[in-house]
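Architecture at a glance
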Amino acid sequence: MGFDNLLSNSKIKKRLLSYLKSERIPHSLIFSGPSSANTYSFAISFAKAINCLDEKEDFCDKCKHCIEINKEIFPDVKTVYPDGAYYSKKQIKELVSDNAIKPMKGEKKVYIITDSHLMNEATSNSLLKVIEEPAQFNVFILLTSNINGLLPTITSRCQNIKFTPPLKIEIERQLIANGQEQEKARVLSYLINVNMETILSSNHNELLEKRSNIFLVFEKLIRKKDIADVLLDLTHRSRSREKFIRYFIELVNLMIILLRDLMVLKIDTDSETIINIDYKKNLKDLSKLITINKTLFLIKQMELLFRDISRNLNSKVLILEFIKNFTSQEERNV
Ligand SMILES: [Zn+2]
């Protein structure tokens, strides 16, 4: 294990390694890039490299510190998430008061602040205080998919590192190099990106199982059969907002991939270029039940749903909107 196992962004790896080598680690960094760019994996890897007991300029993933960081029980590496739609005053206040406390076990304390753009002006200004005067033993890594959502006073005081998502083909090649079959590697390259997981740590069978479950949902929706079951399942899942959103993003993503496959099959029934090549027969059958216009309409609607998710719409509204797109006769707005 180590930085070599992280996909893409090799220039950034070099930059982070050079910080470790020179022992001049910036106190505040911004990792910006789309959610699929894996900024979290880089941040947690950097936190491990800073605190690893065995490796100086990398991380081993085997020592006590690395293991505890992976289990999220290492006291000096903390990942914070917004408490609700935005970070609360209390959360940032805690960070500020924590700033003065020395690390308990590690070399440095590392705070990974996810979705750091989700702060209002008052909380941003509190955070600014620690970024302006960080204790020597602290490293703040602000993750964001929307750099413009951060105050310029914050961005100007941080090392801003811009990430790009890995290409599907890079993921596919990596999977094949790791011994995965070519056919599965293609499917997985899409699923892995969706789940933002790294190649080695992700459980491929689990991902394929998730896809087969979501495919069943897709079949019901296209056949307009047992829609009530789909509705019930989603409603059930929506009891936990956080888990629901994670599932819903996967669901909508996969719907787009499956709809694109249907689209390809509608144009060329023998196409070998579909992603879910192992589901070709089922997809071919389904493609007969839907028009090209409706397929295009659905792809567009699914993409719009992503915008709705990021707008933090109520789960119930998201579910109804999702189902309605499949059940309605509507094909316009293409
Ligand atoms: Zn280690």
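Owing to the predicted nature of the structure, the values given are computational and were not obtained by experimental measurement. (Residues numbered from 1 in each chain as written. Predicted model: local features only at pLDDT ≥ 70, side-chain atom pairs only at ≥ 80, totals over all residues.)

Let's shift gears to helix 7 (residues 168-177). Of all the positions in helix 7, only Ile 171, Glu 172, Gln 174 and Leu 175 are classed as buried. In a view along the axis of helix 7, the buried residues occupy a sector of 165 degrees, so they form one face of it. Every exposed residue of helix 7 that faces more than 90 degrees away from the buried side is listed here: Ile 169 and Ala 177. Looking one or two places after helix 7, you find Gly 179, whose phi comes out positive at around 100 degrees. (Buried ≥ 20, exposed ≤ 12 C-beta atoms within 10 Å, placed from the backbone. Helix = DSSP H or I, 4+ residues; strand = E, 2+ residues; numbered from the N terminus. Arc of directions from axis to C-beta.)

With that settled, consider the environment of Lys 210. Looking at the secondary structure, you find Lys 210 in helix 9 (residues 204-223). Along the sequence, Lys 210 and Glu 55 sit 155 residues apart, while their C-alpha atoms lie 36 Å from each other.

Let's shift gears to the packing of helix 9 against helix 10 (residues 227-237). Between two packed helices, both the angle of their axes relative to each other and the distance between the axes serve to describe the pair. At a minimum axis separation of 9 Å, helix 9 and helix 10 run at an interaxial angle of 135 degrees. By the angle between their axes, helix 9 is oblique relative to helix 10. The two elements helix 9 and helix 10 cross, and the hand of that crossing is left-handed. Facing helix 9, whose interface residues are Val 217, Lys 220 and Leu 221, helix 10 presents Ile 227, Asp 229 and Val 230. (Axes fitted to C-alpha atoms, helices over the stretch in contact; angles between N-to-C directions. Parallel < 35°, antiparallel > 145°, perpendicular 65-115°, else oblique. Left-handed = near helix turned anticlockwise from the far one by under 90°. Contact = placed C-beta atoms within 7 Å.)

Proteins that are soluble and globular tend to have nonpolar side chains buried together. Counting residues in each nonpolar core, the largest one holds 39 residues, and the members touching the most others are Phe 31, Ala 43, Ala 47, Val 110, Ile 112 and Ile 141. Mapped onto this core, the elements with two or more residues apiece are helix 1 (10-22), strand 1 (28-32), helix 2 (39-51), helix 3 (64-70), helix 4 (89-98), strand 3 (109-113), helix 5 (121-132) and strand 4 (138-144). The greatest single-element share of this core, amounting to six residues, is contributed by helix 2. Those residues in contact with Val 110 that lie beyond four places of it in its chain are Ala 47, Ile 50, Asp 76, Val 77, Val 139 and Ile 141. Counting 36 residues, the second largest nonpolar core, distinct from the first, contains Leu 207, Met 255, Met 302 and Phe 326. (Core = buried A, V, L, I, M, F, W, Y, C linked by C-beta atoms within 7 Å.)

For a regular strand, side chains alternate in direction, first toward one face of the sheet and then toward the other. In terms of burial, strand 4 is a largely internal element, seven of the seven residues being buried. The alternating pattern of strand 4 places Asn 138, Phe 140, Leu 142 and Thr 144 on one face and Val 139, Ile 141 and Leu 143 on the opposite face, and all of these are buried. For strand 3 and strand 4, the ladder comprises five bridges, and the chain directions are parallel. Opposite Ile 112, over in strand 4, you have Ile 141 as the bridge partner. Crossover handedness for the path strand 3 to helix 5 to strand 4: right-handed. (Pairing = 2+ DSSP bridges. Right-handed = clockwise from strand over helix to strand, strands pointing away.)

Moving on, we get to the sheet that holds strand 5 (residues 159-162). Reading across from one edge, 2-3-4-1-5 is the order of the five strands in this open sheet, with parallel pairing throughout. If you trace the sheet from one side to the other, it starts and ends with strand 2 (77-80) and strand 5, each paired once. Recorded for the sheet is a direction-independent mean angle of 15 degrees between the axes of neighbouring strands.

This part is about the domain arrangement of the chain. Entries for the chain in the domain assignment read domain 1 (3-162) and domain 2 (203-327). Taking only C-alpha atoms into account, the centre of domain 1 sits 34 Å from that of domain 2. (Domains from an automatic or database assignment.)

Attention shifts here to the pairing of strand 2. Looking at chain direction, strand 2 and strand 3 are connected through four bridges and run parallel. Opposite Val 80, over in strand 3, you have Ile 113 as the bridge partner. Handedness of the crossover joining strand 2 and strand 3 through helix 4: right-handed.

With their axes 10 Å apart at the nearest point, helix 13 (residues 292-310) and helix 14 (residues 315-327) run at an angle of 175 degrees to one another. Viewed along their axes, helix 13 and helix 14 adopt a mutual orientation that is roughly antiparallel. Where helix 13 approaches helix 14, its residues Leu 298, Gln 301, Leu 305, Asp 308 and Ile 309 are matched on the opposing element by Leu 318, Glu 321, Phe 322, Asn 325 and Phe 326. A breakdown of the residues in the contact of helix 13 with helix 14 according to their chemical character gives six nonpolar, two polar and two charged. (Nonpolar A, V, L, I, M, F, W, Y, C, P; charged D, E, K, R; others polar.)

Glancing now at helix 4. Along helix 4, the residues classified as buried are Gln 91, Ile 92 and Leu 95. Buried residues in helix 4, looked at end-on, bunch into an arc of 90 degrees, giving them a common side. Away from the buried face of helix 4 by more than 90 degrees, exposed residues Lys 90 and Ser 97 are located. Packed against the buried residues of helix 4 are strand 2, strand 3 and helix 5.

This part takes up the confidence of the model for the chain. For the chain, per-residue confidence averages 90 on the pLDDT scale, and 96% of positions sit at 70 or higher. Here helix 8 (residues 182-195) stands out as the element of the chain with the lowest mean pLDDT, 78, in contrast to strand 1, whose mean of 97 is the highest. (pLDDT = per-residue confidence, 0-100.)

Now for the environment of Phe 306. Among the structural elements, Phe 306 can be located in helix 13. Using a count of 14 C-beta atoms within 10 Å as the deciding quantity, one classes Phe 306 as partly exposed. Distance in space between the C-alpha atoms of Phe 306 and Phe 248 is 9.5 Å, their sequence separation being 58 residues.

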